[in-house]
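Observations on chain architecture
Chain residues, written in single-letter form:
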Amino acid sequence: MSDLLAKLNTEQLQAVTLPPQHALILAGAGSGKTRVLTTRIAWLLSTGQCDPAAILAVTFTNKAAKEMHARLGALLPINTRGMWIGTFHGLCNRLLRAHHRDAGLPQLFQILDSADQLAAIKRLLKALNVDDEKFPPRELQHFINAQKEAGLRPAAVDVWDDYSRRRVELYQEYETQCQRESVVDFAELLLRTFELLERNEPVRRHYQRRFRHILVDEFQDTNRLQYRWLKLLAGGEPPACLFCVGDDDQSIYRFRGAEVGNMRDFEREFQVTGVIRLEQNYRSHGNILDAANAIIRNNSARLGKNLWTEAGAGEPIRIFEAFSDSDEARWVVDEIQQLVRDGALRADIALLYRSNAQSRVLEHALFSAGIPYRVYGGLRFFERQEIKHALAYLRLIANPDDDTAFARVVNFPTRGIGARSIEALQDAARTWSTSLYATVPHLGGKPGTVLAQFVRLIEELRRETARLPLPELVDHVLDRSTLRDHYKSEKEGRERLENLDELIAAAANFTAEAQAGAEALAADHALLADFLAHASLEAGEHQADQGMDAVQLMTVHAAKGLEFDAVFVSGLEEGLFPHENSILESEGLEEERRLMYVAVTRARQRLYLSFAQSRMLHGQTRCNLRSRFLEEIPAPLARWLTPPKPRGGPGGGYYEPPRGAFAPRAQPAAAQALPGGLRVGQLVRHARFGTGVIIAAEGSGSDARVQINFGDAGIKWLLLGVAKLEACA
DNA sequence: TACGGCATGCTTTTT
DNA sequence: GCATGCCGTA
């Protein structure tokens, strides 16, 4: 035990050994947050203050949950069974399965991931003949999820006009559809569990009594409902101790409903007195931390924190100005080659960007130079088309009322069931109020129809697989559904076939782990239902060749929680980073700044920041001002690899490229001065549209046009000869 | 029913 | 620039 505590600094020690009380730990980037959480649990257990079963640890990602498990396993000799460690959604799933009756759900309910949910909404709109121009499915999805996160069922949502009334009706219809199909979306997992705990006193009491210590990771990312969920669970008599760890400066998921305000509310509502700040950073050199501190200081409404390190100042931050996005990419490649020549591991180098679209140019340059790289993000295993199709068959076996799954594979591989027949089926299903699957027998009653054959196929599958072990079950379904044959005959099907085999392997893996957990298999296909839940809740690792020494490419969001020896942050331009959609409101801008803070604090030793004068974006060349975040870095911390010029100065002229390699092929159009003394990046006023920023220019003479972002009034192309533009200071 | 051609429209995305 | 989505034709 004393070894355990010996490695901690004063604040960490203080946090780990806090007496049973509510606690808020402000854990800066690289300050040993995970260590504090796991050591806290280990300390509680090894000092006999509580039993493993009294511990509930909540994380946001499966990865974090797994890591916590692994670290605890290493820390503690005793087994950690009985402890509940998982994601909010995973824990809710567990609770709802255990109390499905009380929650009003069948035991084998299915979980919809975001894509499934969207598909279900589209299907609903079609069935109800709703104009999807008026109610775009994505917006409706967002609306529904926002209501659920606010804890509001349709009856509780305010309406004020026809539109809002109709929207709530659709929310209600969606709910009805989900209930009929026995499916539950991500937000529903949380809300349903919340309501279960709130309304069912015995169940609530049981868990309130059981969980004495609730520990929350990444608390700044909790949404409103998750906060209330925690509050409810911890609110027993006597209350449980809530130990929340987070960093308000790293809250970058506001757009998804995360509420940094939860930290303040927690402090107030739970009367947390001694907030503990972990400010000593074990990751980065001083210059990097000083830059991060300087940047984040520009945000208001912070809980306040300043990172420091015992490591030296280290190297200056390197800043590079490129002519274009491709020049920037070539420079990055050049620097990477230099780093590798100097002995760096490619896997310790990260290339970060604000949005995924930026990866293409970088990938191209890396590929041309023959540098191995790995892109994070994109499709994950369980999100692949072929896997989704296979899962849909499996879902129909477990739950024939799952209309999303039905619609997905009823004609895949094609068996001559067209849109017509599906529409007729959907209409019939509506009148009968039954699932698509259950409607088929009602339809005309001809057993020979292709639809009836499809239903028979599923039924046979269910019978044939009832006693099969999960991997064989999957294998069998792949054959009988002819999915495998389909991809065998497809030109590009090789990889898909491999993925289908991988699905069998995943099933085998899952079975092995479930058996190790010795979970009783009550019903036929119970393990299948668990496997399907697992597939929805954990989309699988991002595609990546493990173990290869490759440069890591990812968005800044994806980089949160990771660290690298050398980090490149590219595209530091106004409109890109900070993103133009966030620039106009201060809340948005502050989130962008936190994103920048996250990006900077990923670096251990070396940080490169770059921007380009011109960049291809949305199919057109744009010229952006360099990011304001660069200006927020104190000059002594940085070394410009290109001569710094006044920001947004009048072109400034070109300088000689340092190594001759980056000579611009063509002058970026908008670097030239425009008629009337205007330039790209300049703030202008227009009589009708108000104030805007010039973001691009093209043409000359009487054809000269400029593109202006007027914020609320949108982005417009205006002819300089026609539009009256007034330059603002 | 299936595929090809054109128009459209774009952040970030733990679950 | 690219991917998605809708519509028209074989």
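Bear in mind the structure is a predicted one, so any value in this text is a computation, not a measurement.

Counting its secondary structure elements, chain A contains 28 helices and 21 strands. Across chain A, the fraction of contacts at a sequence separation of at least 24, relative to all contacts at a separation of at least 6, is 74%.

Close to DNA strand C lie Lys122, Arg360, Met616, His618 and Gly619, which account for all nearby residues. Restricting attention to atoms of DNA strand C within 4 Å of the protein, one finds that 57% of them are sugar or phosphate atoms. Looking at side-chain class alone, the surface near DNA strand C contains one nonpolar, two polar and two charged residues.

Below, the discussion takes up the domain arrangement of chain A. Per the domain assignment, the segments of chain A are domain 1 (10-101 + 204-280), domain 2 (110-181), domain 3 (292-380 + 543-640), domain 4 (382-526) and domain 5 (682-727). The distance between the C-alpha centroids of domain 2 and domain 3 comes to 38 Å.

On inspection of all chains with the given rule, the structure shows 25 aromatic pairs. Ring geometry for Phe135 and Tyr163: centres 4.9 Å apart, planes at 5°, overall stacked. Placement of Phe135 in the loop between helix H6 (114-127) and helix H7 (137-149) and of Tyr163 in helix H8 (residues 162-181) is noted, with a sequence separation of 28 residues between them. Accessibility expressed as a relative area gives 30% for Tyr163, which makes it partly exposed. Three or more aromatic residues joined by ring pairs form one cluster here, namely Phe219, Tyr227, Phe266 and Phe270. Positioned above the aromatic ring of Trp84, the side-chain terminus of Arg94 is 4.0 Å from the ring centre. Over the aromatic face of Phe109 sits the side chain of Arg97, whose NZ or CZ is 3.8 Å from the ring centroid.

Looking at DNA strand B, there are 28 residues lining it, with Arg256, Arg354, Gly418, Thr555 and Ser582 nearest. A distance of 2.8 Å is found between a phosphate oxygen of DNA strand B and a backbone nitrogen or oxygen belonging to Asn356. Broken down by secondary-structure element, the contributors of at least two residues to the surface near DNA strand B are helix H18 (419-432) and helix H26 (580-583). For the surface near DNA strand B, a count of residues per class yields seven nonpolar, 15 polar and six charged.

Here we come to the pairing of strand E12 (residues 551-555). The buried count for E12 comes to five of five residues, which makes it a mostly enclosed element. The alternating pattern of E12 places Val551, Leu553 and Thr555 and Gln552 and Met554 on opposite faces, both of which are buried. Pairing of strand E10 (residues 349-353) with E12 involves four bridges; the strand directions are parallel. What sits directly across from Tyr353, in E12, is Thr555. With three bridges connecting them, strand E11 (residues 373-375) and E12 associate as parallel partners. Paired with Tyr373 across the strands is Val551, a residue of E12.

The pairing of strands in a sheet happens through backbone hydrogen bonds and is either parallel or antiparallel. Across the sheet, six strands lie side by side as E3-E2-E6-E7-E1-E8; this open sheet has parallel pairing. Each end of this open sheet is capped by a strand with a single partner; those strands are strand E3 (84-87) and strand E8 (276-278). Sheet twist, expressed as the mean angle between neighbouring strand axes with direction ignored, is 15°. In the sheet, strand E1 (residues 23-27) pairs with strand E7 (residues 241-246) via four bridges, with the strands oriented parallel. Note that in E7 the partner of Ala23 across the bridge is Phe243. Against the sheet, helix H11 (residues 224-234) engages strand E2 (55-59), strand E6 (213-216) and E7, with an angle of about 165° to E6.

Applying the stated criterion to the full structure yields two cavities of 30 Å³ or more. Considering the residues around the largest cavity, the lining is formed by Arg123, Ala127, Gln177, Arg180, Glu181, Asp403, Gln426, Ala429, Arg430, Thr434 and Leu436. In terms of residue class, the lining of the largest cavity is made up of three nonpolar, three polar and five charged. Among the domains, domain 2 (110-181) and domain 4 (382-526) are the pair contributing at least three residues each to the lining of the largest cavity. At the level of elements, helix H14 (325-341) and helix H15 (359-368) are the ones that each hand at least two residues to the lining of the second largest cavity.

Taking 1.5 Å per residue as the helical rise, helix H24 (residues 526-537) with its 12 residues ought to reach 16 Å, and the 17 Å between its terminal C-alpha atoms agrees with that figure. Counting buried residues in H24 gives nine out of 12 residues, a clear majority hidden from the surface. Considered for burial, the residues of H24 that qualify are Ala526, Leu527, Leu528, Ala529, Phe531, Leu532, Ala533, Ala535 and Ser536. Where H24 is buried, its residues meet helix H5 (88-98), strand E4 (110-112), helix H9 (186-199), helix H16 (385-398), helix H21 (470-480) and helix H23 (493-516).

Counting 49 residues, the largest nonpolar core has Phe406 and Leu503 as its most contacted members. Here this core takes nine residues from H16, the largest share from any one element. With near-sequence residues (within four places) excluded, Leu503 lies in contact with Phe381, Phe382, Ile387, Ala390, Leu391, Val474 and Phe531. By size, the runner-up hydrophobic cluster in this structure holds 44 residues, among which are Ile111, Leu190, Ala240 and Phe270.

Scanning all chains against the criterion turns up 56 salt bridges. Measuring nitrogen to oxygen at the nearest pair gives 2.7 Å for the salt bridge that ties Lys388 to Asp113. Taken together, the residues Lys388 in helix H16 and Asp113 in the loop between E4 and H6 connect sequence positions 275 residues apart. Just as Lys388 is buried, Asp113 falls in that class too. Here Arg622 ties to Glu580 by a salt bridge, and the two come within 3.3 Å at their closest N and O atoms. Placement of the pair is Arg622 in strand E15 (residues 620-623) and Glu580 in helix H26, with a sequence separation of 42 residues. Neither residue differs from the other here; Arg622 and Glu580 are each classed as buried.

Calculation criteria
Residues numbered from 1 in each chain as written. Chains lettered and ligands numbered in written order. Predicted model: local features only at pLDDT ≥ 70, side-chain atom pairs only at ≥ 80, totals over all residues. Heavy atoms only, no water. Helix = DSSP H or I, 4+ residues; strand = E, 2+ residues; numbered from the N terminus. Contact = heavy atoms within 4.5 Å. Near = heavy atom within 4 Å. Nonpolar A, V, L, I, M, F, W, Y, C, P; charged D, E, K, R; others polar. Domains from an automatic or database assignment. Phe/Tyr/Trp six-rings, centres within 6.5 Å; stacked < 30°, edge-to-face > 60°. Buried < 20%, exposed > 50% of the residue type's maximum accessible area, 1.4 Å probe, protein only. Lys NZ or Arg CZ within 6 Å of the ring centre and 35° of its normal. Polar contact = N/O pair within 3.5 Å; in protein donor to acceptor, adjacent residues only side chain to side chain. Pairing = 2+ DSSP bridges. Axes fitted to C-alpha atoms, helices over the stretch in contact; angles between N-to-C directions. 1 Å grid on protein atoms, 1.4 Å probe; cavity = no way out; pocket = protein on both sides within 12 Å on 5 of 7 lines; lining within 4 Å. Points joined across faces, edges and corners; volume = space filled by probe spheres on them. Expected span 1.5 Å × (residues − 1). Core = buried A, V, L, I, M, F, W, Y, C linked by side-chain atoms within 4.5 Å. Salt bridge = Lys/Arg side-chain N within 4 Å of Asp/Glu carboxyl O.

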